[in-house]
Each structure stands twice: as structure tokens, then as C-alpha cells.
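Chains, contacts and geometry: an overview
Residues per chain, in single letters:
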Amino acid sequence: MTALLYRFFSMASKGKILIIMSEEILNVSHISKSFSGVSALNDVSLTIKAGEIHCLIGENGSGKSTLIKIIAGVYEPDEGEIIINSHHYSKLTPIESIHEGIQVIYQDFSLFPNLTVAENIALNYQLERNKNWVDWGNVRKIAQNALDRINVKLNLDALVGEMPVADKQLIAISRALLQDARLIIMDEPTTALTQKEVSSLFSVIKDLQKQGISILFVSHKLNEVLDISERTMVLRNGQMVVDADASEFDTKKMVYYMTGHHVVETAYVYEENTSNEPPLLKVENLTSRNNFYDISFELKAGEILGVTGLLGSGRTGLALSLFGVFPADSGSISIDGVQVKINSIQDAIDKKIGYVPEDRLTEGLFLDQEIGKNMVVRIVDDLKGGQKLINQKSLQLQIQDWVEQLNIKTSSSQLPVKSLSGGNQQRVVLAKWLASCPRILILNGPTVGVDIGSKAELHEALRVLAKKGMGLLIMSDDIPELMQTCNRILLMRKGRIVEEFHREMVTEDELTHKLVEA
Amino acid sequence: MFKNLLNKTEFLVGLTLVVMSLIIGIINPAFFSIANLFDILRSATVIGIFAMGVLIVIISGGVDVSFTAIGIFGLYVTVKLLKAWQFEGSVVVALAIAGAIGLVLGLINGFFISRFKLPTLIVTLGTSALFQGFMLFFIGSDYIRDIPAGMAKFSMANLVTITQVDGSKSNLHAGVLILVAAAIIVFIMLKYTMLGRGIYALGGSRESAERAGFNIRKIEFTIYGFVGLLSGIAGVTFGSLMRQANPFSIVGTELDVIAAVVLGGASITGGRGSVVGALLGVLLITVMNNSLILLGIPSDWQKAVVGIILIIGTGLPAIQNRQAERRMNATLAE
């Protein structure tokens, strides 16, 4: 390890660095792969040079993960060749891939929650060296060195399961470095990170680049790709659409390449109701200790109000409190000018409040159940016929209705929900709430992990709902999303509302800037 | 520092043990006698050896309920063999034979678990019935009172003998040494070998362990083989202490052993647990079983008390965890 570093730096000092920088680490040429007759990748080629930051973008199902797994040696390509460090492979095993210096950091990081930071970092390293005995002093030393390489300080004795996601990622990166990584593939690394953590991840990536390590950054967050990429490749339906210098891309172009059509989003225009009726929802001095303090705002019928803030700003806490999951300690909530108590989820539902959770997979859906059943689960009581049994006919009608209204793409509503893509799953969650006709809908990160095309359609669905008179509250740190859907945006910091913006009076950049400044 | 200590399950179990001993001792001072201490250690020996094996299985994320059946199988077959050979030698031979039988039976568990990826509880439930049924039908079901000479000699072997003022003698049985040896071996294996760390890794996340390059199959074979070996040894130790080989004994006590290990801080979902904790758990259960009678608590009630302690003992850490999580969320919100 140190020998390698030393060699690198001595080469750098002798001016040989240019040779390294232009050296091709990986050359995947004309790869095709199909699964039981369905083509997943078709004639895709990719070249990555030493010290290059390469981005790979594409919608769900475009073949990104298949390509990664082929490079990692998990899948064997049907056709084509993989050349790593000038070694030719027609098929590659995971071990060969690792020995060639390729490290994949999967979305779940593959860490051990029950072990300490030090052990998590050093474990694979020891394993690869066929160690039989554990020298704990050495484990700490190895881990410390690895963390030093990315200039990070972490408590070596803390349990990984108790650490925030951003730290877990850093642990995964330092572990990858220990394996003499020359190319680190990061699969959607920023999904669970806040803006601030993303920027510190980027500085780590730039640091690695200076050490001559290449990065393949797989993402569908376009602003991040614009930020970090030197070269960008776009996949669509298993085909390579374009692979070019990052300077040739802007957001519009990328969206076009990824979706194959121009996605035009219009902002939401709220027509203020001039009549004197009380606001749909009025929150005054709402406080939940250790969570948020002194929150006051109004939401009128037909408004889409955004609430933004970094992770830990209290926005999720506020959403959960309004939905009765964690009732607030003090303050008041009024609906239609009448003060109400929301002490439980049932209270919130009785007041016609709906909640689309941040994590639809664990909080919003019964993944193994049918799509249709998921949609009507909230209203089965209303579908009972004379014998207190569910009226199958009206049930099917309801399901059919929602599949059409929300344009859910599936061959049958009897398939399990997990067979759907992220965007369609989110529509099922939406349908579940809409079926019970809520008047106030709280959405927490409504399009996390949803494709660009479906995202625009979901946004349109939200705008239509507001137009019909519903009041929407959207918690999100996706600023473009808020700009496209909301007419007003509240900024939360450390549990308090610090500023309010009208959409027409603020730009995306200003808002992003306000969001990250601590 | 003190707070850290309080968060350690081992410390809590140790504390409970001390408090309980004090209460029993105050009510009945006979508890604080060397004789009683030796008695408790003797009673803890067999359950302790079993617990060392169970600890490993539980850390790896599995559950084994067949170890008692393996123990009695090992004991019974060994006794039958030695009697047939009219072997008069040392108990070490008996321990070795029973250990080897246990190893083979344990590897059968390991085979089903790693080859067919079956749930460990189901496999060991099945093999438990299989081993016992096989033994009773093919090997015999008689109650053997007259154990081989080596084992009989071992049953009288004392490590320490203390003569009391009144002339009575208190003995510490040498079987404790087997428990001590098992505990030291398991401790070193879990803490200082890659195999041990692999067991923790497997219990923490099977998928990650696979991706990291652990040979999961080898680890599982080792785990269940080793548990079988320990169970066979525990079986002969039990037979020696009881001076009999009853094919219907021990089986049915497996939940006590699992309870002791879980009380000692091993997580039933895997990834967590320690030798010190498991030993404290064993002592706690043994003290309860042996000494509640000194408090005048009827024996039927003892079972209920063990249940209550188990619920409190495993529930408390869970509640603590949840509070720690809340605190973490709160600091994030600041």
C-alpha cells in the first residue's frame, strides 16, 4: 500500500504524472448482456482513464447496475471484452476484478452494523491477506491510516450501526482504498445524504482524484453530475446514448438524453382566494422539544407550501407531528379556523389529513401485496356491502379508477407493488391517500428515487390536486422540485422557521445557497 | 465512564447477580458459605459448557436447540461403548469419544444448514428429535446407573477441598476445569481469530460477510461442528457428575441455556454477545434455580421468576437502545 503511494508520488515529482493521468484503467468494449431473452445492455463501450471522474447516468432500468456488475465481475457479459490495466478478459470473476483494483461501493455499503469503525475498515484487508489471528493494535493502525488518506476523523471504537449515513459512506470509501483501489465505483452514493454531506463527499472524491484514483459516479441527480463530472455517459434502455466531455452537457440536454424526449415543467401558479374564509390549516407556536420550536404558518386551500431544510432541521419531525405520529408538546393547530387536537394518527385521519412518507418502502406500502389492495387499504371500510363483507365489484371499480387517473404503468393491478418502478410505487402511495379524499396532504420527499420523467408527471399530479382545492405541504431538500411545485417555501434551520419565500421572488440558486449556509 | 459501564449488558447482569446474592444472603446467611459457592459452581458447570457453544451459534445469527440431544447421545453411546469394552482407564477417553460423536452430529447440522440454507431453528429442531429417536430405538433406552470406572473416578475428583471449623468438608469439583478451558478457548477464538470475527460478521450481515470474502460455508460447518463437540463433552461431564446415564435427561433444558446466553447480552438476532456475559448469565440462572428455594419460594414459582428476569433482562437493553436512538435524533435536530 504505502509502497504504491510512494511510487506514485515519486513519479509525480519526476513529472511522469502525465503518463499516469492519460493511462486507460478500464476499457469496456462492445458489451452486450441479456437476461432470459430480454436485452439489458446492447453494445455498450466505456473507457475510464486514471484519475478521471466519470459519471454514469440513466433512468431506472436503463442498464446502469448491469454495467456496474459486469465491471465488478458479478455478471458475465454475453458479448464484448473488458480490458483492465491492459489485461484482456472476456469474462471476469469478482476476485479478479478486486485484484485489478476495482472497488464497488454499493448503495447499502455492505458494512457490519455490529462491529466497530476500525474493524469494519480493516476486516476485508486482513481477510484478503489470509490472516488467521487478529492483532487489535494493527487493526486500529490500518483503520487510522485509511481514514487519514481521506482526511476524516471518526471515533474508531464507535459501532457502525449507530453512525449517520454520511459517516458510513466514508467508512466504505476508506475500506475500498485499503484494497489498493484504482477505480472506485459509487452506486447512487448521495441518495441518503444532505446537501452539506454531498459537498464534503465531493471534496473527498477530488482528493482521491489527486491520488490518481478514478471514480465512476452513478447517479440520477443531475445537479450533482454537473458539479463533479469530467466525462459523462448516458444510458437509455440498455443502449449508450452519448459519452462525452462533461462540458458539453447541461441539465436540459441530460434530461433529453435520459428520457428521449423534452420534459417541460411549468411552475405552479396559485390564484389567491380573496374571500374571507379562515385558512385550511393554521399552525401557531407549535413546539416539540428536541425537534422543532415555535412553528407558525398558514396553509390555504389550493396552496402548495414547501418546507425545506437540511437533514436534522426538524422538517420531518414537523410532518410527523402534524400527522399525529409524535404529537407536539405545545402550540395550537386549527383547521378551518377551529382549533383541533392531533394526538394520534387516527386524529389526523379523522381531520382529513394524509401523509405520504419519506420512505415508501417501509412506511408507505405493503410491498408483497397486490397493487390494487395497496390502493384501497385506507377505504375498505367504506366498501362494505350489506353483509359487512367487502363488495368486490365496487372495489375493482375503485382500483381501475385510480390506475387510470394516476396513469400507473402496470400490466395488471394484481401484481405485487414491489414489481413497480419507484415512480409508479409513489403513485400507488398517493392513490392510497387520495382514495380517502383528504383535504390536507403532507408529502415528505415525494420524489426520492423517482426517475426524471415520472417526477415531472408526479409534480403535475400534485399541481392538479391543489388546483382542485386541496392544501399540500411538501417537505423536501430538492430545491428544483420545490420551485416547480410550491407557491410558497419555508426554510427551517435547527428546528425553527428562519425565512419564508414566495416562489416568484426567489431563484433556485438563492434558495440552494440559503439552504446550505449554516 | 460510569454511564458507559451502565450501558454494558455484562455490567447489568453482574449487578443483578450481586444484588440478588445480597438479598438471598441477608434472608438466609447460609448462602454466603464456601459450600454453597462450590455447589453453585458445580451446578453451573454443565449448563456453562453448553452455553459456550450456544453463544457462538447465537452470535452467528442462528439458534441451536439440538445440543442437549447431542449431549445425551454422546454420553449414552460413550457409556455403552466403554462398558462393552470393559474400559477402566481415564475419563479423558470418555470425553474424547463423546466429543468425537458430538462433532459428527454437529457436522450433520452444519451440512443441512450450509448446504440447503435452511433456517437453523428448524434444522436443529428436526435433528434434535432425530438424534434422540435414533438413540432410543437403535442404541437403547435403559437407565444405566453403573457408569465406567474412569467416569466414576472423575465424579469424585475434587479440585479444592476446604475443611470447615465443624469438621465438615466442602469440595469444588474438578469438572469446573472443563468449563474454564471451554470458556478460554471460545474467548480467544471469538476475539482474536479471523474465524471468530467472521462469526460476528456473519451475525451482523450475512450479505456483507459474503461480499467481504468470508467463506460462509466453512464458518457454518465450524460453528455447528464445534457446538456438537462441546455438547458431547458436556454430556459426559453431566453423566459423571450425576453418576448415571439416563437417556431421558438433559433434553428439555435447552431453553434454560439459551435464556442464560441471551440474558448475558447475546442478541438473538445475531452479531452481539460475549463469553463474560454468557458466563454471568449462566451464574444468574444457576443461582436462581439453586437458591430461590433458600428464600422459601416454591419450586414452581422459580420458573416464573426466571421468566420475569428474562423478560426484564432482555427488555431493558432494548428500551435503552431506543432511548439512545432518540437522543441521537435529538442531537441531530439541535
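Everything numeric here is computed off the predicted structure, so don't read it as measured data.

What follows concerns the overall build of chain A. The helix and strand inventory of chain A stands at 19 helices and 20 strands. In terms of C-alpha radius of gyration, chain A reaches 25 Å, essentially the compact-globule figure of 24 Å for 518 residues. With 518 residues in all, chain A has 44% of them scored as buried. Long-range contacts, defined as pairs at least 24 residues apart, comprise 70% of the intrachain contacts of chain A with a sequence gap of at least 6.

Broken down by element type, chain B carries 14 helices and 2 strands. Radius of gyration (C-alpha) of chain B: 21 Å, near the 20 Å computed for a compact globule of 334 residues. Projected onto the principal axes, the alpha-carbon positions of chain B cover approximately 75 × 55 × 35 Å. Within the span of chain B, comprising 334 residues, buried residues form 45% of the whole. Look at the contacts in chain B between residues 6 or more apart in sequence, and 77% of them connect residues 24 or more apart.

Residues and elements named next belong to chain B. Where helix α3 (residues 34-59) contacts helix α12 (residues 254-263), the axes come no closer than 9 Å and their chain directions differ by 65°. Here α3 and α12 pass one another in a crossing that is right-handed. Across from I47, F50, A51, V54, L55 and I58 in α3, the residues of α12 making contact are D256, V257, I258, A260 and V261.

This part is about the nonpolar core. With 158 residues, the main nonpolar core has I185 of chain A together with A51, L55 and V261 of chain B as its most contacted residues. Of the residues forming this core, the biggest block, 13 residues, is contributed by α3 of chain B. With near-sequence residues (within four places) excluded, A51 of chain B lies in contact with V257, A260, V261, A278 and V282 of chain B. Core analysis: the next-biggest nonpolar cluster, separate from the first, contains 67 residues, L286, V307, L491 and M492 of chain A among them.

Further remarks concern the domain arrangement of chain A. All names here are of chain A. On domain assignment, one finds that chain A holds domain 1 (20-259), domain 2 (279-352 + 439-518) and domain 3 (366-437). On a C-alpha basis, the centres of domain 2 and domain 3 stand 26 Å from each other. The leading source of residues in the side of domain 2 that touches domain 3 is helix α17 (residues 452-467), at 5 residues. For the side of domain 2 that touches domain 3, the class distribution of residues is 5 nonpolar, 3 polar and 3 charged.

Attention shifts here to the interface of chain B and chain A. Contacts between the two partners involve 21 residues from chain B, matched on the other side by 22 residues from chain A. Here the side of chain B that touches chain A gets 6 residues from one element, more than from any other, and that element is helix α9 (residues 194-204) of chain B. Residues that form the side of chain B that touches chain A fall into these classes: 9 nonpolar, 7 polar and 5 charged.

This part covers the environment of R145 of chain B. Residue and element names in this part refer to chain B. By secondary structure assignment, the location of R145 is in the loop between α6 (120-139) and α7 (149-155). Overall, R145 belongs to the exposed group, with 10 C-beta atoms counted inside 10 Å. Residues R145 and I58, 87 residues apart in the sequence, show an inter-C-alpha distance of 35 Å.

Once that is clear, we can look at helix α7 (residues 165-178) of chain A. All names here are of chain A. Taking 1.5 Å of rise per residue, the 14 residues of α7 would be expected to cover 20 Å, and the 20 Å separating its terminal C-alpha atoms lies within 8% of that figure. Counting buried positions over the 14 residues of α7 gives 10, a clear majority of the element. Those residues of α7 lying buried are Q169, L170, I171, A172, I173, S174, R175, A176, L177 and L178. Where α7 is buried, its residues meet β6 (102-105), α5 (117-128), α6 (136-149), β7 (183-187) and α8 (195-210).

Here the focus is the sheet that holds strand β16 (residues 353-356) of chain A. All names here are of chain A. Strand order in this open sheet of 6 strands is β16-β17-β18-β13-β19-β20, and the pairing throughout is mixed. The open sheet has two free edges, formed respectively by β16 and β20 (496-502), since each of these has just one partner strand. The average angle at which neighbouring strand axes cross in this sheet is 20°, direction not considered. In this structure, β16 lies alongside strand β17 (residues 440-444), joined through 4 bridges in parallel fashion. Its bridge partner being in β17, I353 is matched across the sheet by I440. Packed on one face of the sheet, helix α11 (residues 315-322) meets β13 (304-308), β16, β17, β18 (471-475) and β19 (488-493) and runs near 150° to β17.

We now examine unusual backbone geometry. Positioned with a positive phi, N85 of chain A is a non-glycine residue whose angle comes to about 45°. We note that Q86 of chain B has phi near 50°; this positive angle belongs to a residue other than glycine. Mapped onto the fold, Q86 of chain B is located in the loop between α4 (67-85) and α5 (91-116). On the basis of neighbour count, Q86 of chain B is assigned to the exposed category, with 8 C-beta atoms found within 10 Å.

A word on α5 of chain A. Structurally, the α-helix is built with 3.6 residues per turn, so residues lying three or four positions apart point the same way. Within α5 of chain A, 10 of the 12 residues are buried, leaving the element largely enclosed by the surrounding structure. For α5 of chain A, the full list of buried residues reads V117, A118, E119, N120, I121, A122, L123, N124, Y125 and Q126 of chain A. As for α5 of chain A, its buried residues are in contact with α6 and α7 of chain A together with α9 and α10 (206-212) of chain B. Directly beyond the C-terminal end of α5 of chain A, a positive phi value near 55° is found at N130 of chain A.

Note on sheets: strands pair through backbone hydrogen bonds, and any given pair is parallel or antiparallel. Residues and elements named next belong to chain A. Within the open sheet, the 4 strands sit side by side as β12-β11-β14-β15. Their pairing is antiparallel. Here the strands that pair on one side only, and so sit at the sheet edges, are β12 (292-299) and β15 (338-340). Averaged over all adjacent pairs, the angle separating strand axes in this sheet is 25°, with direction ignored. The sheet contact formed by strand β11 (residues 281-288) and β12 spans 5 bridges and is antiparallel.

Turning to the pairing of strand β9 (residues 231-236) of chain A, a few remarks are in order. Residues and elements named next belong to chain A. The element β9 is extensively covered by neighbouring structure, given that 5 of its 6 residues are classed as buried. Across 4 bridges, the pairing between strand β3 (residues 53-57) and β9 is parallel. Looking across to β9, one finds that C55 is bridged to T232. Taking the residues between adjacent antiparallel strands as the criterion, β9 and strand β10 (residues 239-245) are bridged by 2 residues, where N237 takes a positive phi near 50°.

On to the pairing of β7 of chain A, then. Residue and element names in this part refer to chain A. Of all 5 residues that make up β7, 5 are buried, and the element is covered over most of its length. By the alternation rule, side chains of β7 split into L183, I185 and D187 and I184 and M186, which are all buried. Relative to strand β8 (residues 214-219), β7 is paired through 5 bridges, and the arrangement is parallel. Residue pairing for β8: D187 is matched across the bridge by V218. What joins β7 to β8 is α8, and the crossover it makes is right-handed.

So, how was this worked out
- Residues numbered from 1 in each chain as written.
- Chains lettered and ligands numbered in written order.
- Predicted model: local features only at pLDDT ≥ 70, side-chain atom pairs only at ≥ 80, totals over all residues.
- Helix = DSSP H or I, 4+ residues; strand = E, 2+ residues; numbered from the N terminus.
- Rg over C-alpha atoms; globule rule 2.2 N^0.38 Å.
- Buried ≥ 20, exposed ≤ 12 C-beta atoms within 10 Å, placed from the backbone.
- Contact = placed C-beta atoms within 7 Å.
- Axes fitted to C-alpha atoms, helices over the stretch in contact; angles between N-to-C directions.
- Left-handed = near helix turned anticlockwise from the far one by under 90°.
- Core = buried A, V, L, I, M, F, W, Y, C linked by C-beta atoms within 7 Å.
- Domains from an automatic or database assignment.
- Nonpolar A, V, L, I, M, F, W, Y, C, P; charged D, E, K, R; others polar.
- Expected span 1.5 Å × (residues − 1).
- Pairing = 2+ DSSP bridges.
- Right-handed = clockwise from strand over helix to strand, strands pointing away.

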